[in-house]
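Okay, here's what each chain looks like letter by letter:
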Amino acid sequence: MTSDEADRGLHDRFQALRREAARGTPSFHAMLAPRVAPRPQPTWRRWLVVGALAAVAATVVLTLGRPRPHRATLVDRAAVRWEAPTDFLLRAPGAELLRTIPTFTLNGRLLP
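Conventions and cut-offs
- Residues numbered from 1 in each chain as written.
- Predicted model: local features only at pLDDT ≥ 70, side-chain atom pairs only at ≥ 80, totals over all residues.
- Heavy atoms only, no water.
- Helix = DSSP H or I, 4+ residues; strand = E, 2+ residues; numbered from the N terminus.
- Rg over C-alpha atoms; globule rule 2.2 N^0.38 Å.
- Patch = residues over 30% accessible without salt bridge, like charges linked within 9 Å, V, L, I, M, F, W, Y side chains within 5 Å.
- Areas by Shrake-Rupley, 256 points an atom, 1.4 Å probe, with all protein chains shown as cover.
- Salt bridge = Lys/Arg side-chain N within 4 Å of Asp/Glu carboxyl O.
- Buried < 20%, exposed > 50% of the residue type's maximum accessible area, 1.4 Å probe, protein only.
- Expected span 1.5 Å × (residues − 1).

**Describing the overall build of the protein chain**
Looking only at helices and strands, one finds four helices and two strands in the protein chain. When the helices and strands of the protein chain are listed from N to C terminus, the series reads α-α-α-α-β-β. For the protein chain, the C-alpha radius of gyration of 46 Å lies well beyond 13 Å, the compact-globule estimate for 112 residues. Structurally, the protein chain occupies a C-alpha span of about 125 × 70 × 20 Å along its principal axes.

**Points about a nonpolar patch on the surface**
A cluster of nonpolar side chains, contributed by Leu 10, Phe 14 and Leu 17, occupies part of the molecular surface with about 300 Å² of accessible area. Looking at the secondary structure, you find Leu 17 in helix H1 (residues 3-23). The exposure class assigned to Leu 17 is exposed, which follows from its relative accessible area of 52%.

**Some remarks on the pattern of salt bridges**
When charged atoms on two side chains of opposite charge get close, those side chains can pair. This structure, assessed with the given rule, holds one salt bridge. Between Glu 83 and Arg 91 there is a salt bridge whose closest N-O contact spans 2.5 Å.

**Considering helix H3 (residues 44-65)**
If you check H3, its first and last C-alpha atoms are 31 Å apart, about what 22 residues at 1.5 Å a residue would give, namely 32 Å. Little of H3 sits out of view: just zero of its 22 residues are buried.

**Remarks on the environment of Trp 47**
Looking at where Trp 47 falls in the secondary structure, it is placed in helix H3. For Trp 47 and Arg 66, which are 19 residues apart along the polypeptide, the C-alpha to C-alpha distance reads 29 Å.

Structure, rendered in structure tokens:
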């Protein structure tokens, strides 16, 4: 048996398998055909449900949209002081000299 005859036999067997598989499958166009169920007509019950939902939504919007009275919280800012844990890093040595006004004497020396 030559390789050409073996290839031809293999080709024939695959063709038989393809035909057998194609027997049970629907056509391509049948698969693409739309399968649309008839749309049910809206009844008075559906309109009632839609109206009730619209009324609830309107009530929620109007309730949440109304301005509420604002209560001011009074805080004594002089009593509230917070110091960060890293504030000590911002303190330079001799910083108290920077907050005072220097005074000069007649001798030319600086007095704190």
